[in-house]
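# Structural features, examined
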Amino acid sequence: MFASAGLTTLLFLLLSQDASAAPTTSTAVVGRSIPIRRFNPLSQNFTLVAQRARSQRDILAVKYGGQSLQQRGNGYNLIVNQGTDTGYYGTIAIGTPPVSYDVILDTGSSDLWLTSSTCGVSCGTSPTYDPTKSSTFQNLSTPFEIQYGSGAVAGYVAEETVQMAGFSVAKQGFGIVNALSSNFNTNPVSGIMGLAWSSLSSTQQTPFWQTLASDGSWDSALFGVQLTRYGNVSGAAQNEPGGVIDMGYTNSSLYTGSIEYHNLIGAPQYWEINMSTLTVQGKSIDIAGISTAIIDTGTTNIAGPASAVASIYAQIPGSQAGTGQLAGYYTYPCSTTVNVQFNFGGNTWSMSSADFTHSQVSTTECIGAFFISSIGQGGPSWVIGDAFLKNVYSVFKYSPASVGFAALSETAIAQNGVKAAVPSATIGAVTAATNTGVASSASSGAVSSGPFSILLCFWLASTSIALLFW
């Protein structure tokens, strides 16, 4: 989303750090990942097997080599595909005792915020954050407001202990929202985790990811994202397995070849890079002087300048500019296969024709994924969202500040459209929030991250892993 300013159950609780529709808490244990929802069962087992192997490696280092498991690490969070590729969310845990919440993962903004328990009906039925339930809450008493492309939020800034993918940040600044537009928070989503840079933050707080990348908490100062596709699947559920966000490493099982990196434009703010060429139906689109592009996991489609968008649809016979509520969008014949290719100064990346279709408005007419940007002068020319990102493994690197793309592996591609249960939220000891902010289930505190509990975790995995394939 582009912002203009601003876990037999015990095994999974100990081993996994997955995002799910029913959120859970997490602990700072090395070698964890948070997969994105939309995995098929085989892929989930592969992930756990890989995790087991990595855990064995790390535990031996502690047992015989005198190394500390707390020095560095990596982890993943399973993502959920919500609304047939409309959005992708993961799970965080916040407070003491920790309570988990589902949040949109948004590389197009920099603020973390949750709806407040005092928000009322305007915040919908999603779980809300209640500061009176946490001993580590601190009110900074600073008001904030953020205007997104899809609406606005307002509230005040506070500090809390925030956990995700096995990592924890104390005194993490975040926003507590008590007023928001109706376009936000489709249940169970309770907020947004901004994954852009601190210079963009409306709350003037350092993003969770940036703290971990800059202080050496991660094996590698980067995070990777893989998103699944369900838009072309008949009967897809509202929530489906969505992929994964890998923190502190890149998951080589999800891509092939090398990762092609592109440095950011100017001082890091957005994940903004230059686009070299754009072709549609084999014809080059003129993007001279309008080639800057933000890579944004929080945006469903692709926004661009009016002239370029018009040129795109001019290559598709039967296209028409939308009017009324569809103003800025174009319709085109659903029977047309549209081939789109992006180049950012290296390889050429193809976008599936299935991702060119945003939605279908009649038996013959579809709405295209490219639409006219309303950002205005001084903003980026393009905002490239999930319609493209579903086609690549994307990497967001701290230093040098850059965005990378790699071709998806067969393992990753096989996850698309698989009708499977949404992964359970398993990111530590569970205290799941309800829409009143009261715990619906609880366990006392968070799982310890000390060596004993890590060894216990590995023992349980060794004796129980076969159950995953039974």
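Right above here is the structure, for reference.
Residues numbered from 1 in each chain as written. Predicted model: local features only at pLDDT ≥ 70, side-chain atom pairs only at ≥ 80, totals over all residues. Heavy atoms only, no water.

### A look at the state of the cysteines
Following the criterion strictly, the structure yields two disulfides and no others. At a sulfur-sulfur separation of 2.1 Å, the disulfide partner of Cys 334 is Cys 366. The sign of the S-S torsion, about 110°, decides the handedness of the disulfide formed by Cys 334 and Cys 366: right-handed. Linking Cys 334 in the loop between β19 (330-333) and β20 (340-343) with Cys 366 in strand β23 (residues 365-368), this pair joins segments that are 32 residues apart in sequence. (Disulfide = S-S within 2.5 Å. Helix = DSSP H or I, 4+ residues; strand = E, 2+ residues; numbered from the N terminus.)

### Some details on helix α4 (residues 306-314)
Considered for burial, the residues of α4 that qualify are Ala 308, Val 309, Ile 312 and Tyr 313. The arc that holds the buried residues of α4, viewed along the axis, is 135°, so those residues lie on one side. The exposed residues of α4 that point more than 90 degrees off its buried face are Ser 307 and Ala 314. (Buried < 20%, exposed > 50% of the residue type's maximum accessible area, 1.4 Å probe, protein only. Arc of directions from axis to C-beta.)

### Re the environment of Phe 370
Topologically, Phe 370 is positioned in strand β24 (residues 370-372). Classification of Phe 370 as buried rests on a relative accessible area of 0%. When near neighbours in sequence (up to four residues on either side) are disregarded, Phe 370 contacts Ile 302, Val 309, Ile 312, Tyr 313, Tyr 329, Val 340, Phe 342, Met 351, Phe 356 and Trp 382. (Contact = heavy atoms within 4.5 Å.)

### Comments concerning the nonpolar core
Phe 342 and Trp 382 are the most contacted members of the largest nonpolar core, which has 74 residues in total. If sequence neighbours within four positions are ignored, Phe 342 has contacts with Met 275, Thr 277, Leu 278, Ile 302, Asn 347, Thr 348, Trp 349, Met 351, Phe 370, Ile 384 and Phe 388. Within the second largest apolar cluster, 16 residues are counted, among which are Tyr 89, Ile 104, Ile 146 and Leu 180. (Core = buried A, V, L, I, M, F, W, Y, C linked by side-chain atoms within 4.5 Å.)

### Regarding the sheet that holds strand β14 (residues 277-280)
Spatially, β15-β14-β20-β21 is the arrangement adopted by the four strands of the open sheet, whose pairing is antiparallel. Both outer strands of the open sheet, β15 (283-284) and β21 (348-351), are each paired with one neighbouring strand and no more. Examined bridge by bridge, β14 and β15 share two bridges and lie antiparallel to one another. When the sheet's bridge partners are listed, Val 280 is paired in β15 with Lys 283. (Pairing = 2+ DSSP bridges.)

### Focus: the pairing of strand β27 (residues 402-408)
Burial of β27 is extensive: six of the seven residues sit out of reach of the surface. The pairing of strand β12 (residues 255-263) with β27 spans six bridges and is classified as antiparallel. Along β27, the bridge assignment pairs His 262 with Val 403. The pairing of strand β26 (residues 392-397) with β27 spans six bridges and is classified as antiparallel. Paired with Phe 396 across the two strands is Val 403, which belongs to β27. Hairpin geometry of β26 and β27 is characterised by an intervening segment of four residues between the two adjacent antiparallel strands.

### Digging into the pattern of salt bridges
Across all of its chains, the model carries three salt bridges by this definition. For Asp 355, the salt bridge goes to Lys 390, with nearest N and O atoms at 3.0 Å. A residue pair is termed long-range when its members are at least 10 positions apart, and Asp 355 in helix α5 (residues 353-356) and Lys 390 in the loop between α6 (386-389) and β26 qualify at 35 residues. The pair formed by Asp 355 and Lys 390 is uniform in burial state, with each residue classed as buried. Connected through shared salt-bridge partners, Asp 85, Arg 229, Asp 355 and Lys 390 make up one network. (Salt bridge = Lys/Arg side-chain N within 4 Å of Asp/Glu carboxyl O.)

### Some remarks on the sheet that holds β23
Across the sheet, four strands lie side by side as β18-β19-β23-β22; this open sheet has antiparallel pairing. The strands lining the two open edges of the sheet, one partner per strand, are β18 (320-321) and β22 (357-360). Judged from the three bridges that link them, β22 and β23 form a sheet pairing that is antiparallel. The residue of β23 that forms the bridge with Ser 359 is Ile 367.

### Looking at unusual backbone geometry
Residue Pro 97 is reached from Thr 96 by a cis peptide bond, and omega for that bond is 0°. Considering the arrangement of structural elements, one finds Pro 97 in the loop between β3 (87-94) and β4 (99-106). For the bond from Ser 399 to Pro 400, the omega torsion is -10°, close enough to zero to count as cis. Note that Pro 400 resides in the loop between β26 and β27. The phi torsion at Ser 141 lies on the positive side, around 55°, for a residue other than glycine. Summarising the element assignment, Ser 141 is placed in strand β6 (residues 138-148). Although it is not a glycine, Gln 204 sits at a positive phi angle of roughly 55°.

### Thoughts on the pairing of strand β2 (residues 75-82)
Within β2, eight of the eight residues are buried, which leaves the element mostly enclosed by the surrounding structure. Relative to strand β11 (residues 239-247), β2 is paired through eight bridges, and the arrangement is antiparallel. When the bridges of β11 are listed, Ile 79 appears paired with Gly 243. Sheet topology note: the β2/β3 ladder contains three bridges and is antiparallel.

### A look at the packing of aromatic side chains
Here the structure, examined in full by the defined rule, presents 26 aromatic pairs. Taking the centre distance of 4.8 Å and the plane angle of 20° together, the rings of Tyr 329 and Phe 371 count as stacked. Remark: Phe 371 occurs in strand β24 and Tyr 329 occurs in the loop between β18 and β19; sequence separation between them is 42 residues. Take Phe 371: its relative accessible area is 18%, and that puts it in the buried class. For the ring pair Tyr 332 and Phe 356, a centre distance of 5.1 Å and an interplane angle of 75° mean the geometry is edge-to-face. Note that Tyr 332 is positioned in strand β19 and Phe 356 in helix α5, a separation of 24 residues in sequence. (Phe/Tyr/Trp six-rings, centres within 6.5 Å; stacked < 30°, edge-to-face > 60°.)

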